[in-house]
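# Architecture at a glance
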Amino acid sequence: MALLNFKRDDGPVAGALSPEVEAFLQGYSIEVMPRTAQKVDDFRAILPANTRVYIAHIEGTPIGDMVATARRLAGEGFAVMPHFPARIIKDQATLEDWIARYQGEAGVDQALLLAGGVDQPHGDFHSSMQLMESGAFDRAGFKRLHVAGHPEGNKDIDADGSMKNVDEALGWKQKFSERTDADMAIATQFAFEAGPIIKWADNLKAAGIDLPIHIGIAGPAKLQTMIKFAIACGVGPSLRVLQRRARDVTKLLLPFEPTDVVSELAAHKAANPEFNIAQVHFFPLGGIKTNANWAIENGGASAMPAAAG
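Source: prediction; values computed, not measured.

### Overview of the packing of helix H9 (residues 223-232) against helix H10 (residues 239-246)
The contact between H9 and H10 brings their axes to 10 Å, and the two run at 150 degrees. Classified by the angle between their axes, H9 and H10 sit roughly antiparallel to one another. Every pair of crossing elements has a handedness; the one defined by H9 and H10 is left-handed. Residue-level inspection shows Leu 223, Met 226, Ile 227, Ala 230 and Ile 231 of H9 in contact with H10, the latter providing Leu 239, Leu 242, Arg 245 and Ala 246.

Here you go:
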(Lines give C-alpha, C1' and ligand atoms only; values in the text may rest on other atoms or scores of the structure.)
Protein backbone atom coordinates (compact mmCIF):
# COMPACT_ATOMS: atom_id res chain seq x y z
CA MET A 1 0.00 0.00 0.00
CA ALA A 2 1.36 3.41 -0.93
CA LEU A 3 2.03 5.75 1.97
CA LEU A 4 1.39 8.88 -0.05
CA ASN A 5 -1.51 9.92 -2.21
CA PHE A 6 0.19 10.88 -5.44
CA LYS A 7 0.62 9.05 -8.71
CA ARG A 8 3.74 6.94 -8.80
CA ASP A 9 4.63 7.99 -12.35
CA ASP A 10 4.13 11.74 -11.96
CA GLY A 11 5.09 12.38 -8.34
CA PRO A 12 3.91 15.42 -6.40
CA VAL A 13 3.37 18.63 -8.32
CA ALA A 14 5.73 21.37 -7.16
CA GLY A 15 3.87 24.29 -5.66
CA ALA A 16 0.46 22.64 -6.00
CA LEU A 17 -0.97 25.23 -3.62
CA SER A 18 1.23 28.19 -4.53
CA PRO A 19 4.88 29.09 -5.11
CA GLU A 20 4.71 31.13 -1.89
CA VAL A 21 3.69 28.08 0.14
CA GLU A 22 6.36 25.97 -1.53
CA ALA A 23 8.98 28.51 -0.46
CA PHE A 24 7.49 28.86 3.02
CA LEU A 25 7.65 25.11 3.65
CA GLN A 26 11.32 24.89 2.66
CA GLY A 27 13.25 23.32 5.53
CA TYR A 28 10.18 22.58 7.65
CA SER A 29 10.59 20.52 10.82
CA ILE A 30 8.29 18.00 12.45
CA GLU A 31 7.77 16.52 15.91
CA VAL A 32 7.62 12.85 16.89
CA MET A 33 7.56 10.74 20.03
CA PRO A 34 9.15 7.32 20.43
CA ARG A 35 5.78 5.59 20.22
CA THR A 36 4.66 7.53 17.12
CA ALA A 37 8.02 7.05 15.41
CA GLN A 38 7.54 3.28 15.73
CA LYS A 39 4.56 3.54 13.37
CA VAL A 40 6.78 4.74 10.51
CA ASP A 41 8.77 2.06 8.71
CA ASP A 42 11.20 4.47 7.06
CA PHE A 43 11.14 8.24 7.50
CA ARG A 44 13.04 8.64 4.23
CA ALA A 45 9.88 7.62 2.40
CA ILE A 46 7.89 10.56 3.75
CA LEU A 47 10.25 13.37 4.83
CA PRO A 48 12.72 15.50 2.86
CA ALA A 49 16.41 14.76 3.31
CA ASN A 50 17.97 16.42 6.36
CA THR A 51 14.61 17.37 7.89
CA ARG A 52 14.97 18.46 11.51
CA VAL A 53 12.97 16.02 13.62
CA TYR A 54 12.15 17.06 17.17
CA ILE A 55 11.64 14.22 19.66
CA ALA A 56 9.11 15.21 22.31
CA HIS A 57 9.99 13.97 25.79
CA ILE A 58 6.74 13.28 27.62
CA GLU A 59 6.86 12.69 31.37
CA GLY A 60 7.40 8.99 32.04
CA THR A 61 9.20 8.22 28.77
CA PRO A 62 12.46 6.38 29.57
CA ILE A 63 15.57 8.18 28.37
CA GLY A 64 16.61 4.92 26.71
CA ASP A 65 13.58 5.09 24.41
CA MET A 66 14.36 8.72 23.58
CA VAL A 67 17.99 7.97 22.72
CA ALA A 68 17.04 4.90 20.66
CA THR A 69 14.63 7.01 18.61
CA ALA A 70 17.30 9.66 18.13
CA ARG A 71 19.79 7.01 17.01
CA ARG A 72 17.33 5.58 14.49
CA LEU A 73 16.44 8.97 13.00
CA ALA A 74 20.08 10.03 12.77
CA GLY A 75 20.86 6.75 11.04
CA GLU A 76 18.23 7.56 8.42
CA GLY A 77 19.93 10.88 7.75
CA PHE A 78 17.82 13.35 9.72
CA ALA A 79 18.86 16.18 12.02
CA VAL A 80 17.66 15.18 15.49
CA MET A 81 16.54 17.74 18.08
CA PRO A 82 15.36 16.15 21.34
CA HIS A 83 13.34 18.03 23.92
CA PHE A 84 14.98 18.80 27.26
CA PRO A 85 12.04 19.59 29.61
CA ALA A 86 13.59 21.23 32.68
CA ARG A 87 10.98 20.09 35.19
CA ILE A 88 11.48 16.37 34.57
CA ILE A 89 15.30 16.54 34.77
CA LYS A 90 16.32 15.66 38.31
CA ASP A 91 19.67 17.43 38.57
CA GLN A 92 22.85 18.55 36.81
CA ALA A 93 24.22 14.99 36.71
CA THR A 94 21.05 13.75 34.98
CA LEU A 95 21.20 16.61 32.47
CA GLU A 96 24.81 15.86 31.61
CA ASP A 97 24.07 12.13 31.35
CA TRP A 98 21.26 12.77 28.86
CA ILE A 99 23.47 15.06 26.80
CA ALA A 100 26.29 12.51 26.79
CA ARG A 101 23.99 9.68 25.74
CA TYR A 102 22.36 11.64 22.93
CA GLN A 103 25.72 12.84 21.72
CA GLY A 104 27.59 9.56 22.09
CA GLU A 105 24.90 7.25 20.70
CA ALA A 106 23.19 9.45 18.10
CA GLY A 107 25.58 12.32 17.33
CA VAL A 108 23.06 14.89 18.57
CA ASP A 109 24.30 18.49 18.74
CA GLN A 110 21.04 20.44 19.02
CA ALA A 111 18.21 20.65 21.54
CA LEU A 112 14.87 22.28 22.30
CA LEU A 113 14.95 23.63 25.84
CA LEU A 114 11.65 24.18 27.61
CA ALA A 115 10.14 24.19 31.08
CA GLY A 116 8.05 21.09 30.46
CA GLY A 117 4.39 20.33 30.94
CA VAL A 118 4.40 19.21 34.59
CA ASP A 119 3.24 21.32 37.51
CA GLN A 120 5.88 20.32 40.07
CA PRO A 121 9.57 20.03 39.16
CA HIS A 122 11.06 16.58 39.69
CA GLY A 123 14.30 18.09 40.94
CA ASP A 124 16.56 21.10 40.68
CA PHE A 125 15.32 22.67 37.43
CA HIS A 126 12.09 24.52 36.75
CA SER A 127 12.87 26.62 33.66
CA SER A 128 14.70 26.43 30.36
CA MET A 129 16.80 29.40 31.45
CA GLN A 130 18.34 27.28 34.22
CA LEU A 131 19.27 24.65 31.64
CA MET A 132 20.93 27.31 29.53
CA GLU A 133 22.79 28.78 32.50
CA SER A 134 24.05 25.34 33.54
CA GLY A 135 26.70 25.52 30.82
CA ALA A 136 26.21 21.82 30.01
CA PHE A 137 25.25 22.39 26.38
CA ASP A 138 28.11 24.79 25.80
CA ARG A 139 30.64 22.37 27.28
CA ALA A 140 29.27 19.58 25.08
CA GLY A 141 29.68 21.75 21.98
CA PHE A 142 26.00 21.84 21.01
CA LYS A 143 25.64 23.95 17.88
CA ARG A 144 21.95 24.83 18.04
CA LEU A 145 19.53 25.59 20.89
CA HIS A 146 15.86 26.33 20.39
CA VAL A 147 13.52 27.80 22.99
CA ALA A 148 9.74 27.87 23.28
CA GLY A 149 7.49 30.66 22.07
CA HIS A 150 3.81 31.31 22.72
CA PRO A 151 2.04 33.54 20.15
CA GLU A 152 -1.13 33.50 22.27
CA GLY A 153 0.49 33.49 25.69
CA ASN A 154 0.71 30.66 28.20
CA LYS A 155 -1.62 30.45 31.19
CA ASP A 156 0.91 28.27 33.05
CA ILE A 157 3.40 31.15 32.89
CA ASP A 158 1.05 34.15 32.95
CA ALA A 159 -2.03 33.12 34.90
CA ASP A 160 -3.59 36.56 34.37
CA GLY A 161 -3.71 36.04 30.61
CA SER A 162 -1.07 38.66 29.87
CA MET A 163 2.20 38.15 28.00
CA LYS A 164 4.39 39.75 30.68
CA ASN A 165 6.39 36.76 31.90
CA VAL A 166 6.70 35.00 28.53
CA ASP A 167 7.92 38.23 26.93
CA GLU A 168 10.44 38.83 29.71
CA ALA A 169 11.72 35.27 29.32
CA LEU A 170 12.18 35.74 25.58
CA GLY A 171 14.05 38.98 26.27
CA TRP A 172 16.42 37.07 28.55
CA LYS A 173 16.92 34.38 25.92
CA GLN A 174 17.63 37.02 23.29
CA LYS A 175 20.45 38.38 25.47
CA PHE A 176 21.72 34.85 26.06
CA SER A 177 21.85 34.30 22.30
CA GLU A 178 24.06 37.35 21.95
CA ARG A 179 26.69 35.90 24.27
CA THR A 180 26.73 32.31 23.01
CA ASP A 181 28.12 30.70 19.87
CA ALA A 182 25.09 28.45 19.47
CA ASP A 183 22.55 29.23 16.76
CA MET A 184 19.21 29.93 18.44
CA ALA A 185 15.60 30.13 17.34
CA ILE A 186 12.11 30.23 18.82
CA ALA A 187 9.93 27.17 18.21
CA THR A 188 6.31 28.05 19.00
CA GLN A 189 3.10 26.49 20.18
CA PHE A 190 0.61 26.05 17.34
CA ALA A 191 -2.14 28.56 16.55
CA PHE A 192 -4.83 28.71 13.89
CA GLU A 193 -4.99 32.34 12.74
CA ALA A 194 -2.34 34.17 10.73
CA GLY A 195 -3.25 37.71 11.84
CA PRO A 196 -2.41 37.31 15.55
CA ILE A 197 0.75 35.34 14.68
CA ILE A 198 1.96 38.14 12.41
CA LYS A 199 1.21 40.76 15.07
CA TRP A 200 3.04 38.75 17.75
CA ALA A 201 6.11 38.26 15.56
CA ASP A 202 6.20 41.95 14.64
CA ASN A 203 5.85 42.96 18.30
CA LEU A 204 8.80 40.76 19.25
CA LYS A 205 10.96 42.34 16.60
CA ALA A 206 9.92 45.82 17.72
CA ALA A 207 10.97 44.86 21.26
CA GLY A 208 14.45 43.93 20.02
CA ILE A 209 13.89 40.17 19.96
CA ASP A 210 15.13 39.07 16.56
CA LEU A 211 15.64 35.34 17.09
CA PRO A 212 14.30 33.49 14.04
CA ILE A 213 10.81 32.09 14.62
CA HIS A 214 9.91 28.54 13.66
CA ILE A 215 6.15 28.81 13.74
CA GLY A 216 4.14 25.92 15.15
CA ILE A 217 1.49 24.57 12.78
CA ALA A 218 -0.92 21.76 13.64
CA GLY A 219 -0.92 19.16 10.88
CA PRO A 220 -4.15 17.72 9.44
CA ALA A 221 -6.37 15.90 11.93
CA LYS A 222 -9.99 15.14 12.67
CA LEU A 223 -11.73 18.23 14.01
CA GLN A 224 -12.50 16.54 17.32
CA THR A 225 -8.85 15.52 17.70
CA MET A 226 -7.68 19.03 16.87
CA ILE A 227 -10.01 20.63 19.42
CA LYS A 228 -8.91 18.16 22.12
CA PHE A 229 -5.22 18.90 21.58
CA ALA A 230 -5.80 22.64 21.25
CA ILE A 231 -7.55 22.80 24.63
CA ALA A 232 -4.97 20.55 26.30
CA CYS A 233 -2.10 22.64 24.94
CA GLY A 234 -3.63 25.95 26.01
CA VAL A 235 -4.23 27.39 22.55
CA GLY A 236 -5.70 30.86 22.97
CA PRO A 237 -8.17 32.98 21.00
CA SER A 238 -7.44 31.28 17.67
CA LEU A 239 -9.32 28.26 19.01
CA ARG A 240 -12.37 30.10 17.65
CA VAL A 241 -11.36 28.95 14.17
CA LEU A 242 -12.05 25.38 15.24
CA GLN A 243 -15.19 26.33 17.14
CA ARG A 244 -16.64 28.01 14.03
CA ARG A 245 -15.80 24.91 12.02
CA ALA A 246 -17.51 22.69 14.61
CA ARG A 247 -20.78 24.61 14.21
CA ASP A 248 -20.92 23.61 10.53
CA VAL A 249 -22.34 20.09 10.61
CA THR A 250 -21.31 19.53 6.98
CA LYS A 251 -17.65 19.78 8.03
CA LEU A 252 -17.69 17.88 11.31
CA LEU A 253 -16.43 14.64 9.79
CA LEU A 254 -13.86 16.25 7.49
CA PRO A 255 -10.22 16.61 8.61
CA PHE A 256 -9.10 20.09 9.60
CA GLU A 257 -6.10 21.12 7.52
CA PRO A 258 -3.68 24.04 8.02
CA THR A 259 -4.14 25.31 4.47
CA ASP A 260 -5.55 28.72 5.33
CA VAL A 261 -3.10 29.72 8.06
CA VAL A 262 -0.08 28.47 6.08
CA SER A 263 -1.25 30.21 2.90
CA GLU A 264 -1.75 33.54 4.68
CA LEU A 265 1.60 33.37 6.48
CA ALA A 266 3.35 32.37 3.25
CA ALA A 267 1.81 35.29 1.37
CA HIS A 268 2.87 37.68 4.13
CA LYS A 269 6.42 36.30 4.11
CA ALA A 270 6.61 36.65 0.30
CA ALA A 271 5.46 40.26 0.52
CA ASN A 272 7.69 41.03 3.53
CA PRO A 273 10.96 39.08 3.17
CA GLU A 274 12.27 40.55 6.43
CA PHE A 275 9.38 38.97 8.36
CA ASN A 276 10.89 37.10 11.29
CA ILE A 277 9.18 33.75 10.73
CA ALA A 278 11.93 31.68 9.16
CA GLN A 279 10.46 28.18 9.05
CA VAL A 280 7.42 26.01 9.79
CA HIS A 281 7.40 23.45 12.60
CA PHE A 282 4.67 20.83 12.30
CA PHE A 283 2.83 19.14 15.16
CA PRO A 284 1.47 16.00 13.40
CA LEU A 285 -1.69 15.70 15.48
CA GLY A 286 -3.38 13.46 12.91
CA GLY A 287 -0.33 11.29 12.30
CA ILE A 288 3.14 11.74 10.85
CA LYS A 289 2.30 10.18 7.49
CA THR A 290 -0.84 12.30 7.14
CA ASN A 291 1.14 15.45 7.89
CA ALA A 292 3.94 14.54 5.49
CA ASN A 293 1.42 13.77 2.76
CA TRP A 294 -0.22 17.19 3.21
CA ALA A 295 3.20 18.86 2.96
CA ILE A 296 4.00 16.99 -0.25
CA GLU A 297 0.67 17.89 -1.82
CA ASN A 298 1.06 21.57 -0.91
CA GLY A 299 4.82 22.10 -0.76
CA GLY A 300 6.02 20.40 -3.90
CA ALA A 301 9.79 20.32 -4.20
CA SER A 302 10.21 21.67 -0.65
CA ALA A 303 8.57 18.54 0.75
CA MET A 304 9.89 15.88 -1.64
CA PRO A 305 10.77 12.75 0.37
CA ALA A 306 14.42 11.81 0.60
CA ALA A 307 13.70 8.40 -0.96
CA ALA A 308 12.16 10.08 -4.01
CA GLY A 309 15.29 12.08 -4.80
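So that's the structure; there's more coming.
### Remarks on the pairing of strand E7 (residues 213-218)
Most of E7 is tucked away: six of the six residues are buried. Burial along E7 is two-sided: Ile 213, Ile 215 and Ile 217 facing one way and His 214, Gly 216 and Ala 218 facing the other are all buried. Alignment of strand E6 (residues 183-190) against E7, held across three bridges, turns out to be parallel. Across the sheet, the residue bridging to Ile 186 is Ile 213, located in E7. Between E6 and its parallel partner E7, the chain crosses via helix H8 (residues 194-206), and the hand of that crossover is right-handed. Relative to strand E10 (residues 277-283), E7 runs parallel, the two sharing six bridges. Bridging from a neighbouring strand, Gly 216 pairs with His 281 of E10.

### A closer look at the packing of aromatic side chains
Summed over the entire model, instances satisfying the criterion amount to 11 aromatic pairs. With centroids separated by 5.7 Å and ring planes inclined at 15 degrees, the aromatic side chains of Trp 172 and Phe 176 adopt a geometry described as stacked. Of this pair, Trp 172 and Phe 176 both sit in helix H7 (residues 164-178), four residues apart, which is roughly one turn of that helix. Since its relative accessible area comes to 11%, Phe 176 is described here as buried. When the ring of Phe 192 is compared with that of Phe 256, the centres are 5.8 Å apart and the planes differ by 85 degrees; the resulting orientation is edge-to-face. Taken together, the residues span a long stretch of sequence, with Phe 192 in the loop between E6 and H8 and Phe 256 in strand E9 (residues 255-256) at a distance of 64 residues. Grouping residues by exposure puts Phe 192 and Phe 256 together as buried. Among the aromatic residues, ring-to-ring pairing joins Phe 84, Trp 98, Tyr 102, Phe 137 and Phe 142 into one connected group.

### Description of the nonpolar core
Counting 72 residues, the largest nonpolar core has Phe 43, Phe 84, Phe 137 and Leu 265 as its most contacted members. In terms of residue count, the dominant contributor to this core is H8 (six residues). Sequence-distant contacts of Phe 137, defined by excluding residues within four places in its chain, comprise Phe 84, Leu 95, Ile 99, Ala 111, Leu 113, Leu 131, Phe 142 and Leu 145. By size, the runner-up hydrophobic cluster in this structure holds 14 residues, among which are Phe 190, Leu 223, Leu 239 and Leu 242.

How each quantity is defined
- Residues numbered from 1 in each chain as written.
- Predicted model: local features only at pLDDT ≥ 70, side-chain atom pairs only at ≥ 80, totals over all residues.
- Heavy atoms only, no water.
- Axes fitted to C-alpha atoms, helices over the stretch in contact; angles between N-to-C directions.
- Helix = DSSP H or I, 4+ residues; strand = E, 2+ residues; numbered from the N terminus.
- Parallel < 35°, antiparallel > 145°, perpendicular 65-115°, else oblique.
- Left-handed = near helix turned anticlockwise from the far one by under 90°.
- Contact = heavy atoms within 4.5 Å.
- Buried < 20%, exposed > 50% of the residue type's maximum accessible area, 1.4 Å probe, protein only.
- Pairing = 2+ DSSP bridges.
- Right-handed = clockwise from strand over helix to strand, strands pointing away.
- Phe/Tyr/Trp six-rings, centres within 6.5 Å; stacked < 30°, edge-to-face > 60°.
- Core = buried A, V, L, I, M, F, W, Y, C linked by side-chain atoms within 4.5 Å.

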